[in-house]
Amino acid sequence: MAPLLDSLPLLLFVAGIALAIAEALIPGAHFIVLGVALMLAGLLGLLVPPLAGPLVLGALVLGFGGLALYAYREFDLYGGKGIARTTDSDSLKGQTGRVTERITPHEGQIKLHEGGFNPFYAARSMDGEIPEGTEVMVVDPGGGNVVKVEPLDAIEDPIDRELRREREQRERERETDTEEA
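Residues numbered from 1 in each chain as written. Predicted model: local features only at pLDDT ≥ 70, side-chain atom pairs only at ≥ 80, totals over all residues. Heavy atoms only, no water.

Asks: Quick rundown of the nonpolar core? Include the residues and the values.
Replies: If you look at the biggest cluster of nonpolar residues, it comprises 12 residues: Leu-92, Val-99, Ile-103, Ile-110, Leu-112, Tyr-121, Ala-123, Ile-130, Val-136, Val-138, Val-147 and Val-149. Put simply, the parts of the chain that give this core at least two residues each are strand E2 (109-112), strand E3 (120-125), strand E4 (135-140) and strand E5 (146-151). Once you skip the residues sitting within four places of it in the chain, Leu-112 turns out to touch Leu-92, Gln-95, Thr-96, Gly-97, Pro-119, Tyr-121 and Val-138. One finds Ala-41, Leu-57, Leu-60 and Val-61 within the second-largest nonpolar core, a separate group that totals 8 residues. (Core = buried A, V, L, I, M, F, W, Y, C linked by side-chain atoms within 4.5 Å. Buried < 20%, exposed > 50% of the residue type's maximum accessible area, 1.4 Å probe, protein only. Helix = DSSP H or I, 4+ residues; strand = E, 2+ residues; numbered from the N terminus. Contact = heavy atoms within 4.5 Å.)

Asks: How would you sum up a negative patch on the surface? Please name residues and give values.
Replies: Together, Glu-171, Glu-173, Glu-175, Asp-177, Glu-179 and Glu-180 line one region of the surface with negative charge. For Glu-180, the position within the fold is in helix H4 (residues 158-180). Given a relative accessible area of 64%, Glu-180 falls into the exposed group. (Patch = residues over 30% accessible without salt bridge, like charges linked within 9 Å, V, L, I, M, F, W, Y side chains within 5 Å. Areas by Shrake-Rupley, 256 points an atom, 1.4 Å probe, with all protein chains shown as cover. Salt bridge = Lys/Arg side-chain N within 4 Å of Asp/Glu carboxyl O. Lys, Arg positive; Asp, Glu negative; His and termini not counted. Charge placed at Lys NZ, Arg CZ, Asp CG, Glu CD.)

Asks: Tell me about the pairing of strand E1 (residues 96-101), and name the residues and values.
Replies: Two strands pair when backbone bridges link them, and E1 and E4 are joined in this way by 3 bridges, in the antiparallel orientation. When the sheet's bridge partners are listed, Arg-98 is paired in E4 with Glu-135. As paired elements, E1 and E2 share 4 bridges and run antiparallel to each other. By the bridge assignment for E2, Arg-98 is matched with Lys-111. (Pairing = 2+ DSSP bridges.)

Asks: An account of the environment of Phe-13 is requested, with residue identities and associated values reported.
Replies: Secondary-structure assignment places Phe-13 in helix H1 (residues 2-25). Under the relative-accessibility criterion, Phe-13 is labelled partly exposed at 23%. Taking the C-alpha atoms as reference, Phe-13 lies 5.9 Å from Leu-43; in sequence the two are 30 residues apart. With residues near it in sequence (within four places) discarded, Phe-13 still touches Leu-38, Met-39, Gly-42, Leu-43 and Leu-46.

Asks: Go over the sheet that holds E1 with me, naming the residues and quoting the values.
Replies: Taking strand neighbours around the barrel as the criterion, the 5 strands line up as E1-E2-E3-E5-E4 in a closed arrangement whose pairing is mixed. The average angle at which neighbouring strand axes cross in this sheet is 55 degrees, direction not considered. Sheet analysis places E2 next to E3, joined by 3 bridges and oriented antiparallel. If you follow Gln-109 over to E3, its bridge partner there is Ala-122. (Axes fitted to C-alpha atoms, helices over the stretch in contact; angles between N-to-C directions.)

Asks: Explain the environment of Glu-107 residue by residue, including any values.
Replies: Relative to the assigned elements, Glu-107 resides in the loop between E1 and E2. The class of Glu-107 is partly exposed, set by a relative accessible area of 42%. Sequence separation of Glu-107 and Ala-123 is 16 residues, and the distance between their C-alpha atoms is 6.5 Å. Leaving out residues up to four positions away in the same chain, Glu-107 has contacts with Arg-102, Ala-123 and Arg-124.

Asks: Give a description of the pairing of E4 that names residues and reports values.
Replies: Inspection of the sheet shows E4 paired to E5 by 4 bridges, in the antiparallel sense. Across the sheet, residue Val-136 finds its bridge partner in E5, namely Pro-151.

Asks: How would you explain the pattern of salt bridges if you had to name every residue and give the values?
Replies: As a working rule, side chains carrying opposite charge can pair if their charged atoms are close by. Within this structure, the stated rule accounts for 3 salt bridges. Notably, a salt bridge pairs Glu-107 with Arg-102, separated by 3.6 Å at the nearest N-O pair. Given the relative accessible area of 38%, Arg-102 is considered partly exposed. Note that Arg-102 is salt-bridged to Glu-129, the shortest N-O span being 3.0 Å. Of this pair, Arg-102 sits in the loop between E1 and E2 while Glu-129 sits in the loop between E3 and E4, and the two are 27 residues apart along the sequence.

Okay, structure coming up:
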């Protein structure tokens, strides 16, 4: 039993290295947190033999694991918080942005407000021209390379139409009230 306990730090260190390699081969599998915890606990057990007991090593794995998890989440190594990431072209539908180069049915460019690492996309209008600086919405993401957009002003659903009608009605009532006064 004693030889097994003597090799426990080495076993932890090797297992940590193996998990780190596994993380390199399968990024995002989250082996890195446990790998770092095992590797550091094993290394400390090898360098400081009095800390090589199973209970102490277990506590070290937990402690280093907590620190590794904190660091992993804090530094967001893989963009795990989902900030400014596009998962696929369908997720572009409904995104808004601003025209950076005049858009026609054949050419143009937009910058999406939440477009990820490179927020610039080639864009085409459904019909007509959209001038530079206009706020637009992606209506057809296509394959993600070239998106079809419409000006936000032109996109109006039934709720928007009803709100516009009510707003116009209130304005007419105000004008009438002003004329009477």
